[in-house]
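Observations on the model geometry
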Amino acid sequence: MSAVDPVASTRRWVVLCAGVLAQAATSMFQFGVPYLVPELRSAVGGSLSGVGLLVACPSIGLVLTLIAWGAVADRYGERLAMTAGLLGAGAILGVAGLSHSTVLLGLSLVLAGAAGASVNAASGRALMGWFAAHERGLAMGVRQTAQPVGVGAAALVLPAAAQSWGYRGALWVPAVICIVVGVAVALAIQDPPRPAGATRARAASPYRRPDLWRVHGASALLIVPQFTVSAFAFVYLVSVRHWPSGHAGQLLAGAQVVGATARLLAGRWSDRVADRLGPMRTLTVVNAVTVGLLAATVAASAQTAPLFLVAAAAITVGGNGLAFTAVAELAGRDWSGRALGAQNTAQNIVAAATPPLVGLLISATGYGSGFLLAAVFAAAATTVVPPSAGRITWGLRTRVDTA
């Protein structure tokens, strides 16, 4: 791909836009269920931890299929994987919107998460193939803004939709969006060119090196603060601070905009310094400090707690793009789909467990303890991020000398 080829340049930006739309569409239901928690508790009853299990259902589905979707993308291409997953997720969410059974609702959310996992595994792989190393951080940062954009859209739309049509009707919003975006991806996206004669069999497993394992581990630890804040920020503002649901949704939507901006800036920063892991470690430290301050202000019932809630909602998602870029580069072209699938799998195992388990802790001891536990996991992640040793390109690390 030539840097001056206008056709290729246009094509890669089309791929980026399609990837962002696809990830935002699936993020609306994968991570937007917390905005239905008040309506769910009113309609189906149950404890906070029980409703937290419904919140975790899309993440459970993601865990089941991420590596498989990555293998599909490695072998058959990103467009096929993304299109099939988006259309499948939309159809399943439509069925969930017709259901009056809590069990069927949970099962539908699991299956929708399993279908939507195709986007998590394939969209990042597409970008790694279309963008050069010096611009991948920014490109992946743009792609990673899709999650906070999708969550922000959910914060704005789903509470109002649930109040008007109930939680079932609200599920039709992401269902329709997934189907529309799936059709757009099928028409617009093109798989990146692949080197002639390249086969996966020729590439040694990148998991022989420890760095990839450490990035997976640090990213999994960082999911605890991210999902603790995203799962319980809305219900905290509504049930403890007694904010109107519309106002709480607007505040958290604004926090997602800040988080999306943080991902862009982090990606650009990593491109400029030709390093993903150093910036990732710095943001992990900031993450731990911010969530720790949130825990302290919530425990003290301080008036500043909502401000730290916004800061935590933004910073806990700020470094995700760096981790995904590092994983794809360390894995290399032939393994990137599976490695990104493994990255998402590790994260979503933790994501599935976080809402119900933290919900139990919050029910027993209060929101301050839940946020404090999240800060401890962020602090642990600072010790797991691997050291920076040089530039990384498609599985090959090159030492950068400073002589």
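Residues numbered from 1 in each chain as written. Predicted model: local features only at pLDDT ≥ 70, side-chain atom pairs only at ≥ 80, totals over all residues. Heavy atoms only, no water.

Quick look at the overall build of the chain
What counts here: Runs of H or I in DSSP of at least four residues are treated as helices and runs of E of at least two as strands, each being numbered from the N terminus. Should any heavy atoms of two residues lie within 4.5 Å, those residues are counted as being in contact. What sets the accessible areas is the Shrake-Rupley method with a 1.4 Å probe; for residues, cover comes only from the shown protein chains.
In terms of regular secondary structure, the chain is built from 14 helices and 2 strands. Counted over contacts in the chain with a minimum sequence separation of 6, partners at least 24 positions apart contribute 82%. Element-wise, carbon and sulfur atoms account for 68% of the exposed surface of the chain, whose accessible area totals about 15,300 Å².

Regarding the environment of Ala 175
This is how the line gets drawn: Each residue's exposure class comes from its accessible area (1.4 Å probe, protein chains only) as a fraction of the maximum for that residue type: buried when under 20%, exposed when over 50%, partly exposed otherwise.
Position of Ala 175 relative to the elements: it lies in helix H7 (residues 146–188). What makes Ala 175 buried here is its relative accessible area of 1%. On a C-alpha basis, the gap between Ala 175 and Ala 96 in space is 9.3 Å, while along the polypeptide they are 79 residues apart. Excluding residues within four positions of it along the chain, Ala 175 makes contact with Gly 90, Leu 93 and Gly 94.

Some points on helix H10 (residues 277–299)
How we decide: Helix span, as expected, comes to 1.5 Å for every residue beyond the first.
End to end, H10 covers 33 Å across 23 residues, agreeing with the expected 33 Å (1.5 Å per residue, within 8%). With its phi angle positive at about 55°, Ser 301 sits one or two positions after the end of H10.

Some words on unusual backbone geometry
A positive phi angle, near 50°, is found at Ala 274, a position not held by glycine. Within the secondary structure, Ala 274 sits in the loop between helix H9 (245–273) and H10. Positive phi values are uncommon outside glycine, yet Ser 301 reaches one of about 55°. Inspection of the secondary structure assignment puts Ser 301 in the loop between H10 and helix H11 (305–315). Look at Ser 301 and you get exposed, because its relative accessible area is 52%.

Regarding the packing of helix H8 (residues 210–239) against helix H12 (residues 320–331)
Let me state the cut-off plainly: What counts as an axis is a line fitted to C-alpha atoms, over the stretch in contact for a helix, and the angles between N-to-C directions run from 0 to 180 degrees. Here is the rule for angles: anything less than 35 degrees is roughly parallel, anything more than 145 is roughly antiparallel, 65 through 115 is roughly perpendicular, and the remaining ranges are oblique. Crossings are classed by handedness, with left-handed meaning an anticlockwise turn of the near helix from the far one by less than a right angle and right-handed meaning a clockwise turn.
Interhelical geometry of H8 versus H12 gives an angle of 160° and a closest axis separation of 10 Å. One finds that H8 runs roughly antiparallel with respect to H12. Two packed elements cross with a definite hand, and for H8 against H12 that hand is left-handed. Listed contacts from H12 to Asp 211, Leu 212, Val 215, His 216, Ser 219 and Gln 226 of H8 are Asn 320, Ala 323, Val 327, Leu 330 and Ala 331.

A short note on the packing of aromatic side chains
The condition is simple: When the centres of two rings from Phe, Tyr and Trp lie within 6.5 Å, Trp using its six-membered ring, the rings pair. Their planes under 30 degrees apart give stacked, over 60 give edge-to-face, and anything left gives tilted.
Applying the stated criterion across every chain yields a total of 6 aromatic pairs. One aromatic cluster in this structure is built from Tyr 236, Tyr 367 and Phe 371.

Describing the side chain of Thr 345
Summarising the element assignment, Thr 345 is placed in helix H13 (residues 336–365). Accessibility expressed as a relative area gives 11% for Thr 345, which makes it buried. When residues no more than four places from it in sequence are discounted, the contact partners of Thr 345 are Val 63, Leu 66 and Ile 67.

Overview of the pattern of salt bridges
Any two side chains of opposite charge can pair, so long as their charged atoms come close to each other. Here is the rule we go by: Whenever a carboxyl oxygen of Asp or Glu lies within 4 Å of a side-chain nitrogen of Lys or Arg, that contact is scored as a salt bridge.
In the structure shown here, the tally under the stated rule is 2 salt bridges. Between Asp 271 and Arg 276 there is a salt bridge whose closest N-O contact spans 2.9 Å. Looking at Asp 271, the relative accessible area reads 10%, which means it is buried. We classify Arg 276 as buried; its relative accessible area is 6%.

Looking at the packing of H8 against H9
The geometry of a pair of packed helices is captured by two quantities: the angle between their axes and the separation between those axes. Between H8 and H9, the least distance of the axes is 9 Å, while the angle of their chain directions is 140°. Between H8 and H9 lies a crossing of right-handed hand. Residues Ala 233, Phe 234, Leu 237 and Val 238 of H8 pack against Ser 245, Ala 248, Gly 249, Leu 251 and Leu 252 of H9.

Quick word on H9
A rise of 1.5 Å per residue sets the reference length of H9, with its 29 residues, at 42 Å; its end C-alpha atoms lie 42 Å apart and thus fit the reference within 8%. Directly after H9, the chain includes Ala 274, whose backbone phi takes a positive value near 50°.

Side note on a nonpolar patch on the surface
Heads up, the rule is: Patch members must show over 30% relative accessible area and no salt bridge, and they are joined within 9 Å when carrying like charges or within 5 Å when they are nonpolar side chains of Val, Leu, Ile, Met, Phe, Trp or Tyr.
On the surface, Leu 87, Ile 179, Val 183 and Leu 187 cluster together into a nonpolar patch covering about 360 Å² of accessible area. With 3 residues, the single largest contributor to the nonpolar patch is H7. When you line up the elements, Leu 187 lands in helix H7. On the basis of relative accessibility, which here comes to 71%, the residue Leu 187 falls in the exposed class.

Structural notes on the side chain of His 216
Mapping His 216 onto the fold places it in helix H8. In this view, His 216 contacts Tyr 207, Val 327, Ala 339, Ala 342 and Gln 343; residues no more than four positions away in its chain are not counted.

Section: the confidence of the model for the chain
Worth spelling out the cut-off: Each residue carries a pLDDT value, the predictor's own confidence for that position, ranging from 0 to 100.
Confidence in the prediction for the chain averages 82 pLDDT; 90% of positions are at 70 or higher. Ranking the elements of the chain by mean pLDDT puts strand S2 (residues 396–399) last with 42 and helix H14 (residues 367–381) first with 95. The model gives residues 197–201 a pLDDT under 50, and that stretch makes 7 contacts with residues more than four places away or in other chains. Across residues 392–403, confidence stays below pLDDT 50; counting only partners more than four residues off in sequence or on other chains, it has 35 contacts.

Re the environment of Ala 115
By secondary structure assignment, the location of Ala 115 is in helix H5 (residues 102–130). If near-sequence neighbours (up to four positions away) are discounted, Ala 115 is found in contact with Trp 69, Gly 85, Gly 88, Ala 89 and Ile 92.

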